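Below, each chain spelled out in residue letters.
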Amino acid sequence: MALENLQPAEGSGKNIKRLGRGQGSGTGKTAGKGNKGQKARSGYKIKRGFEGGQMPIQKRLPKVGFFSRNVKPYSINVDKVSQVAELGEITLESIKSVYKLSKSVVKVKLIGAAAKDLASKIKDENVTTTGN
């Protein structure tokens, strides 16, 4: 077995249809394109979504908004909310126990001047400070 001896399996390849090679071939004269019209000409290419001049469906339907999958963290100013700064271990659950948060809040960011000092107390990857 060598690269120069490789051949496709028997019967795996198909012969290409040779168009425009005389009347006897069955695909002569118009080469299977029918008679006249835009599709029979060379260089024919239809635009994506083109509907023959009718207003395309993507233009007829109303625009629909955009919903980002990136979860933005809920910001808590530690200078104003001192209960969070007084916690021994800072996790999402411990913050929810002292500060009223919605159930939909998944990430919390601690901001303020005192937030950088709290980085060592954070034990949850969903809680960050302005420093990290």
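Presented here is an overview of the structure given in this document.

The grouping of Met1, Leu3 and Leu6 at the surface amounts to a nonpolar patch, some 460 Å² of accessible area in total. Secondary-structure assignment places Met1 in the segment before α1 (57-60).

Spatially, β1-β2-β3 is the arrangement adopted by the 3 strands of the open sheet, whose pairing is parallel. Each edge of the sheet is formed by a strand with only one pairing partner; in this case those strands are β1 (74-77) and β3 (127-129). The mean angle between the axes of side-by-side strands here comes to 25°, regardless of whether they run parallel or antiparallel. The pairing of strand β2 (residues 108-111) with β3 spans 3 bridges and is parallel. The partner of Lys109 across the bridge, within β3, is Thr128.

With that out of the way, let us pick up the pairing of β2. A one-sided burial pattern is seen for β2, the buried positions being Val108 and Leu110 and the unburied ones Lys109 and Ile111. Bridge count for β1 against β2 is 4 bridges, and the pairing is parallel. Following the sheet pairing, Ser75 is matched in β2 by Lys109.

Basis of the calculations
Residues numbered from 1 in each chain as written. Predicted model: local features only at pLDDT ≥ 70, side-chain atom pairs only at ≥ 80, totals over all residues. Heavy atoms only, no water. Patch = residues over 30% accessible without salt bridge, like charges linked within 9 Å, V, L, I, M, F, W, Y side chains within 5 Å. Areas by Shrake-Rupley, 256 points an atom, 1.4 Å probe, with all protein chains shown as cover. Salt bridge = Lys/Arg side-chain N within 4 Å of Asp/Glu carboxyl O. Helix = DSSP H or I, 4+ residues; strand = E, 2+ residues; numbered from the N terminus. Pairing = 2+ DSSP bridges. Axes fitted to C-alpha atoms, helices over the stretch in contact; angles between N-to-C directions. Buried < 20%, exposed > 50% of the residue type's maximum accessible area, 1.4 Å probe, protein only.

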